[in-house]
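The lines below spell out each chain.
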Amino acid sequence: MEVPILKQGLYLIASIQSALTDADLSALREALIERVGKYRARGVIVDVTALDVMDSFAVRTLRDIAHMARLRGAETVIVGIQPEVAFAMVQLGLTLKGVSTALDLEEGLAFLDRQGRERLDRVQGRGTRGGTTRG
Amino acid sequence: MGVLPVAEELLVAITSDVDVVSARQKGRELAAEAGFSSGDQTVIAAAISEIARNILMYAKRGEIALRIVMNGDLDGLIVVARDQGPGIPDVTRALQDGYSTSGGLGLGLPGARRLMDDFDVVSIPGKGTTVTMKKWRRRHA
């Protein structure tokens, strides 16, 4: 089952529609990383609202997506983790350390917008101080 | 009073990643049938996913048997995962968090154990592994 990836402005939105096999998850990872470059995306949202289970492979793949996208210059947000799924993940000892999450698509978009603004501020801030290098 | 089977057991062969998904979906359906809450259904499905994944990773193939049972005023779901793989040389160690020989996350067995009420591993090196795990709920009169 292929996951549709929408391009919205500077962002890519992947909405998972149904249960995914390991092969599907790996295909999603490849497609997203390729499209970050193709569309020069600054943000990636993976909507997992429809996922009724997240096991170790799914969590590892989402983490890989976020880290690989960051290496390509895009920030990733995972949105829509259901309460029961969150409970089972915690019991399993699965974490999304280093990966941003948001309640739903709306919050995810707001998060990316904020990140984008902060990035812009940093760049402009550096400019006004006459090119001092920071961070 | 012993554990009584309520219905025929359901067998799911595990030979590829597609079977991992169907095993956990069947487990969820059966858990719903047994009256488990949707939270418990998710927990059971997640545990099945991890042990099915273990079968694929270590033994390549195996099977998962699912069965609804009752024990006094408890309804339960029993999940038995069997394979004829290489077996686990040190079960105690395999049940520790962070221990993995596959380069995975090492969460499979200890994670599944935390999700279920009863958890038992029998493994004979060279012969295979059987994981039996159970989840119980009190039947409401």
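Cut-offs and rules
Residues numbered from 1 in each chain as written. Chains lettered and ligands numbered in written order. Predicted model: local features only at pLDDT ≥ 70, side-chain atom pairs only at ≥ 80, totals over all residues. Pairing = 2+ DSSP bridges. Helix = DSSP H or I, 4+ residues; strand = E, 2+ residues; numbered from the N terminus. Axes fitted to C-alpha atoms, helices over the stretch in contact; angles between N-to-C directions. Contact = placed C-beta atoms within 7 Å. Parallel < 35°, antiparallel > 145°, perpendicular 65-115°, else oblique. Nonpolar A, V, L, I, M, F, W, Y, C, P; charged D, E, K, R; others polar. Expected span 1.5 Å × (residues − 1). Buried ≥ 20, exposed ≤ 12 C-beta atoms within 10 Å, placed from the backbone.

Draft legend 1. Layout of the sheet that holds strand β3 (residues 43-47) of chain A. Residues and elements named next belong to chain A. If you trace the 5 strands from one edge of the open sheet to the other, you get β1-β2-β3-β4-β5, paired in mixed fashion. Either end of the sheet is taken by a strand with one partner, and the two such strands are β1 (5-8) and β5 (100-102). Each neighbouring strand pair of the sheet contributes to a mean axis angle of 25°, computed without reference to strand direction. Where strand β4 (residues 75-79) lies against β5, 3 bridges are found, and the strand directions are parallel. Following the sheet pairing, valine 79 is matched in β5 by alanine 102. Here helix α1 (residues 22-38) sits on the sheet and contacts β1, β2 (11-15) and β3; the angle it forms with β2, its principal contact strand, is near 165°. Here helix α2 (residues 56-71) sits on the sheet and contacts β3 and β4; the angle it forms with β4, its principal contact strand, is near 155°.

Draft legend 2. Spotlight on the packing of α1 of chain A against α2 of chain A. All names here are of chain A. Direction vectors running N to C along α1 and α2 enclose 10°, while the axes themselves pass 10 Å from each other. Taken together, the axis directions place α1 and α2 in an arrangement best described as roughly parallel. Residues Asp22, Leu25, Ser26, Arg29, Leu32, Ile33 and Val36 of α1 form the contact with α2, whose participating residues are Phe57, Ala58, Thr61, Asp64, Ile65, Met68 and Ala69. Looking at the contact of α1 with α2 residue by residue, the class counts come to 9 nonpolar, 2 polar and 3 charged.

Draft legend 3. Here's a closer look at the interface of chain A and chain B. The interface of chain A with chain B comprises 18 residues on the first partner and 22 residues on the second. For the side of chain A that touches chain B, the secondary structure elements donating two or more residues are α1, α2 and α3 (83-92) of chain A. The dominant element in the side of chain A that touches chain B, judged by the number of residues it contributes, is α3 of chain A, at 6 residues. Looking at the side of chain A that touches chain B residue by residue, the class counts come to 9 nonpolar, 4 polar and 5 charged.

Draft legend 4. A look at helix α1 (residues 17-33) of chain B. Residues and elements named next belong to chain B. The end-to-end C-alpha distance of α1 is 25 Å, a good match for the 24 Å that 17 residues give at a rise of 1.5 Å each. Of the residues making up α1, those classed as buried are Asp19, Val20, Val21, Ala23, Arg24, Gly27, Arg28, Leu30 and Ala31. On the buried face of α1, the contacting elements are β2 (10-14), α2 (38-59), β3 (62-71) and β4 (74-83).

Draft legend 5. Structural context of the environment of alanine 41 of chain A. By the element assignment, alanine 41 of chain A lies in the loop between α1 and β3. Beyond its immediate sequence surroundings of up to four residues, alanine 41 of chain A is in contact with Leu10, Tyr11, Leu12, Arg35, Val36 and Ala74 of chain A.

Draft legend 6. Main features of the pairing of β1 of chain A. Residue and element names in this part refer to chain A. The sheet contact formed by β1 and β2 spans 4 bridges and is antiparallel. Residue lysine 7 lies in a different strand from β2, and its bridge partner there is leucine 12. Remark: 2 residues form the turn of the hairpin made by β1 and β2, two consecutive strands paired antiparallel; glycine 9 in that turn has positive phi of roughly 60°.

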